[in-house]
Amino acid sequence: MTVRDAWIQGSGFSRLKGRPLGASPLFVQRDDQAKGLMHLLSLGLRILTLIEFVVQRRLKQHKEKLFGLFPGNPKRATTRPTTERILRAFKDISLTILGVKDQD
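Read on for a plain summary of the structure. The residue numbers shown here count from 1 along each chain, following its written sequence. Where local features are concerned, this predicted model is filtered to residues with pLDDT of at least 70; where side-chain atom pairs are given and counted, the filter is 80 or more; whole-chain, interface and lining totals use all residues. With hydrogens and water set aside, each side-chain value is computed from the structure's full complement of heavy atoms.

## Here's the deal with the overall build of the protein chain
Under the convention used in this document: For the purposes of this entry, the term helix denotes a DSSP run of H or I that reaches at least four residues, the term strand denotes a run of E that reaches at least two, and both are numbered from the N terminus. Summary of the burial criterion: residues with accessible area below 20% of their type's maximum are buried, those above 50% are exposed, and those between are partly exposed, where the area comes from a 1.4 Å probe applied to protein chains only. We call two residues in contact whenever any of their non-hydrogen atoms come within 4.5 Å of each other. Where accessible areas are quoted, they stem from the Shrake-Rupley method and a 1.4 Å probe; at the residue level, only the protein chains shown are allowed to cover.
When helices and strands are tallied, the protein chain shows three helices and four strands. In the protein chain, the succession of α and β elements from N to C terminus is β-β-α-α-β-β-α. Residues classed as buried in the protein chain amount to 19% of the 104 residues present. For the protein chain, contacts bridging at least 24 residues in sequence account for 38% of all contacts bridging at least 6. Counting every atom, the protein chain has about 9100 Å² of accessible surface; 57% of that belongs to carbon and sulfur.

## A short note on the side chain of E52
Structurally, the position occupied by E52 is in helix α2 (residues 31-62). Residue E52 is classed as buried on the basis of its relative accessible area of 11%. Those residues in contact with E52 that sit more than four places away from it in its chain are R15, P81, T82, T83 and E84.

## Quick word on the packing of aromatic side chains
Formally: Within 6.5 Å between ring centres, the rings of Phe, Tyr and Trp (the latter by its six-membered ring) count as paired, and their orientation is classed by plane angle as stacked under 30 degrees, edge-to-face over 60, tilted in between. Two limits define a charge over a ring: the Lys NZ or Arg CZ must be within 6 Å of the ring centre, and within 35 degrees of the ring normal.
In this structure the tally under the stated criterion is zero aromatic pairs. The side chain of R76 reaches across the aromatic face of F70, ending 3.9 Å from its centre.

See the structure below:
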C-alpha cells in the first residue's frame, strides 16, 4: 500500500493476519511447522504484492483505468486495483479441458 507514493508495509501484514492468506489462527503443533507455514504465507504475500505492483505500474504507463472491480458499482474505475479485486473479477470463469483420443 502507498500513501502519497510512499510504501507502507502495514497492508502486507494485515493480509497475513486476515484474508486471503489468513495466518491466524495457527493450527500447528511444532515450531518448525509454524516457521514453514509463515515462509509459505510470506511467499503468497510476495506474489500478491508483485501482481498488484505490475498491474498498477502498467495502468500508470498506459494512462488507463480498470472498470468493473467494485461489486455494485461496475462503472467505478481505478488506477490502483488490489490483487484481491483483480482475482475476484475472474471468480465466475471456469476451465474445462477435454481429452480426445487420436483418431486414425
